Amino acid sequence: MVLRHCTEMLEILESGLDSSCRNDVSCCHSLFCVRKCVRLAASLLQKLVDSLAPAISTMLVCGKQVTLGVPGFEEHVISAPIGPFEIKDIMYKKVQPHSVYEAVLQQELVIFLSSYISSYPQIFQGMLRIRIGWILQAMKNELHERNKLAELESLSPNDIKTLLHEVVNPAEAEQRERSWLQKRQLSGALNKVPPGFYDKVYAVLEKTKRIKVAGNTLEQHPLIYDMARGDMTFALKVEETLKDVSSPEYRQIVVEVLTVIFVVLERNSELEFHQGVDLNELISSAVELFLSENLEFRHVSKAEGLKIFFNIPPFNRCGTTSYLARVISNKLLVGGVRVDPATECSVQ
């Protein structure tokens, strides 16, 4: 009887909340009849977990920033402790309009992640910014791979906690074979970078006037004059520049291309970019080069071409690193380079 009532309420709620049924929604929320229904009711009633503010503060104390928001829409970056009313405002003005369930699911993730980061800080190495919406998307992808009919909002809190642990710490989870696209989607969603990444970006910026990506620019001046290599403020500037990258897998390729640029410049210390480096342009050129050399893909769309490219391994003769290195070298050697005067040979 309760289950049938909740199912009927779910249909009513999903078609819009009417003031005449608000009391019934409260009743449904109290009975915990169906998990999906409970989360939907909690969202529409704008419920907020009491311990959310302390949980966010715990992550901040651990040196992380936290973002709330739905992928593809505006994210709110939290870099200092905030109160419950501010959190509620973010959840129900920036998250709920784009995903009614995520306004509640993201609260659950904040609580679980706060617990994990206190108990297992090593899992979060390389994650300067914890993007709750992207982690939630990674969980949806993982769940879909296991059961195409399963819905995250229908899982029990314990199942969500277990799935979250497996996503943020795949090394300890039961391993299944993942494609390179899936690996990049997961690493990108976790916002992870390899050791020394920000120092490598700093070194690249020393060799070019600016780095552009996804409509944002990291300017050489005044950054490298005001900030030292290893400065946390510089790392945060890098993350701010990468924040509008469209998808987790694209972000991961951006991390790869910056690393490849660093290696190319390190091995050719006399070279530097005369103008700025457009990372989107380099990635697009690498994809075009890959497609031109693999004729079976010559008729695919641009979006499909990106997907195919993101699914090839990085480190082999025909991997992403190889194509990225070739277009970077071409960019350096064809009109986009100047020789550092300090390394020029002089004639005695």
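None of these values were measured; they are calculated from a predicted model. (Residues numbered from 1 in each chain as written. Predicted model: local features only at pLDDT ≥ 70, side-chain atom pairs only at ≥ 80, totals over all residues. Heavy atoms only, no water.)

### A word on the nonpolar core
We count it as follows: Only buried Ala, Val, Leu, Ile, Met, Phe, Trp, Tyr and Cys residues count toward a nonpolar core, and they belong to the same one when joined by side-chain atoms within 4.5 Å. Only protein chains enter the accessibility calculation, which uses a 1.4 Å probe; a residue whose area is less than 20% of its type maximum is buried, one above 50% is exposed, and one in between is partly exposed. Under the scheme used here, helices are H or I runs from DSSP no shorter than 4 residues and strands are E runs no shorter than 2 residues, and both carry numbers assigned from the N terminus. Residues count as neighbours in contact if any of their non-hydrogen atoms are within 4.5 Å of one another.
Counting residues in hydrophobic clusters, the biggest one holds 51 residues, and the most contacted among them are Phe 234, Val 254, Ile 261, Leu 279 and Ile 328. Here this core takes 11 residues from helix 13 (residues 248-267), the largest share from any one element. Residues within four places of Leu 279 in sequence aside, it is in contact with Ile 211, Lys 212, Val 213, Val 254, Val 257, Leu 258 and Ile 261. Formed by 49 residues, the second largest nonpolar core is a distinct cluster that contains Ala 103, Leu 105, Phe 112 and Trp 134.

### Concerning the packing of helix 7 (residues 132-146) against helix 9 (residues 180-189)
The line we're drawing: Angles run from 0 to 180 degrees between N-to-C directions of axes, and those axes are lines fitted to C-alpha atoms, restricted for helices to the stretch in contact. When an angle is under 35 degrees it counts as roughly parallel; over 145 it counts as roughly antiparallel; between 65 and 115 it counts as roughly perpendicular; any other value is oblique. Two helices cross in a left-handed way if the nearer one is turned anticlockwise from the farther one by less than a right angle. They cross in a right-handed way if the turn is clockwise.
The contact between helix 7 and helix 9 brings their axes to 8 Å, and the two run at 150°. Put simply, helix 7 runs roughly antiparallel to helix 9. The interaxial crossing formed by helix 7 with helix 9 has left-handed handedness. Contacts between helix 7 and helix 9 involve Trp 134, Ile 135, Ala 138, Asn 141 and Glu 145 from the first element and Gln 182, Gln 185, Leu 186, Gly 188 and Ala 189 from the second.

### What about the packing of aromatic side chains?
Think of a pair of aromatic rings as described by two things: how far the centres are apart, and how the planes are tilted against each other in angle. The following threshold applies: In summary, the pairing rule links any two rings of Phe, Tyr or Trp, Trp by its six-membered ring, whose centres are within 6.5 Å, and it sorts them by plane angle into stacked for under 30 degrees, edge-to-face for over 60 and tilted for everything else. Note on geometry: a ring has a charge over it if NZ (lysine) or CZ (arginine) is within 6 Å of the ring centre and within 35 degrees of the ring normal.
According to the stated counting rule, one finds 9 aromatic pairs in the structure shown. Here the aromatic rings of Phe 290 and Tyr 323 are separated by 5.5 Å at their centres, their planes lie at 85°, and the arrangement is edge-to-face. Linking Phe 290 in helix 14 (residues 279-293) with Tyr 323 in helix 16 (residues 320-333), this pair joins segments that are 33 residues apart in sequence. Classification of Phe 290 as buried rests on a relative accessible area of 4%. An aromatic cluster is present here, built from Tyr 250, Phe 290, Phe 297, Phe 309, Phe 310 and Tyr 323 joined pairwise through their rings. One cation-aromatic arrangement involves Arg 131 over Trp 134; the distance from NZ or CZ to the ring centre is 3.8 Å. Against the face of Trp 180 rests Lys 183, its NZ or CZ located 4.3 Å from the ring centre.

### Side note on the sheet that holds strand 2 (residues 76-78)
Backbone-to-backbone hydrogen bonds pair the strands of a sheet. The strands run either parallel or antiparallel. Where we set the bar: Pairing between two strands requires that DSSP report at least two bridges joining them.
Pairing is mixed in the open sheet, where 3 strands are placed in the order 2-1-3. Each edge of the sheet is formed by a strand with only one pairing partner; in this case those strands are strand 2 and strand 3 (129-131). For this sheet the average axis-to-axis angle between neighbouring strands, irrespective of direction, equals 25°. Inspection of the sheet shows strand 1 (residues 65-68) paired to strand 3 by 3 bridges, in the parallel sense. Across the sheet, Gln 65 pairs through a bridge with Arg 129, a residue of strand 3.

### As for the packing of helix 14 against helix 15 (residues 302-310)
Heads up, the condition is: Residues are grouped as follows: Ala, Val, Leu, Ile, Met, Phe, Trp, Tyr, Cys and Pro are nonpolar; Asp, Glu, Lys and Arg are charged; every other residue, Gly included, is polar.
The contact between helix 14 and helix 15 brings their axes to 10 Å, and the two run at 85°. Judged on the interaxial angle alone, helix 15 and helix 14 are roughly perpendicular. Within the contact between the two elements, helix 14 uses Ile 283, Ala 286, Val 287, Phe 290 and Leu 291 and helix 15 uses Gly 305, Leu 306, Ile 308, Phe 309 and Phe 310. For the contact of helix 14 with helix 15, a count of residues per class yields 9 nonpolar, 1 polar and no charged.

### Overview of the sheet that holds strand 4 (residues 210-213)
If you trace the 3 strands from one edge of the open sheet to the other, you get 5-4-7, paired in mixed fashion. The open sheet has two edge strands, strand 5 (216-219) and strand 7 (277-278), and neither has a second partner. Where strand 4 meets strand 7, 2 bridges bridge the pair, whose relative direction is parallel. Looking at the pairing, Lys 212 lines up with Asp 278 of strand 7. Sitting on the sheet, helix 10 (residues 197-205) is in contact with strand 4 and strand 5, with an inclination near 120° to strand 4. Helix 12 (residues 232-242) contacts strand 4 and strand 5 of the sheet and is inclined by roughly 155° relative to strand 5.

### Observations concerning the pattern of salt bridges
What counts is decided by this rule: Each reported salt bridge corresponds to a side-chain nitrogen of Lys or Arg within 4 Å of a carboxyl oxygen of Asp or Glu.
Within this structure, the stated rule accounts for 17 salt bridges. Close ionic contact of Glu 74 with Lys 94 constitutes a salt bridge, the shortest N to O distance being 3.3 Å. Here Lys 94 lies in helix 5 (residues 84-95) and Glu 74 lies in the loop between strand 1 and strand 2, a separation of 20 residues in the sequence. Glu 74 sits in the exposed class, given a relative accessible area of 52%. Among the charged side chains, a salt-bridge network with shared partners connects Glu 142, Arg 146, Glu 166 and Arg 178.

### Digging into the confidence of the model for the protein chain
Where we set the bar: pLDDT expresses how confident the predictor is about each individual residue, on a scale running from 0 to 100.
For the protein chain, per-residue confidence averages 86 on the pLDDT scale, and residues scoring 70 or more make up 85% of the total. Every residue in residues 25-33 scores below 50 in pLDDT, and together they form 20 contacts with partners more than four places removed in sequence or on other chains. Below a pLDDT of 50 lies the segment residues 339-348, which in the model reaches 7 contacts outside its immediate sequence neighbourhood of four places, other chains included.

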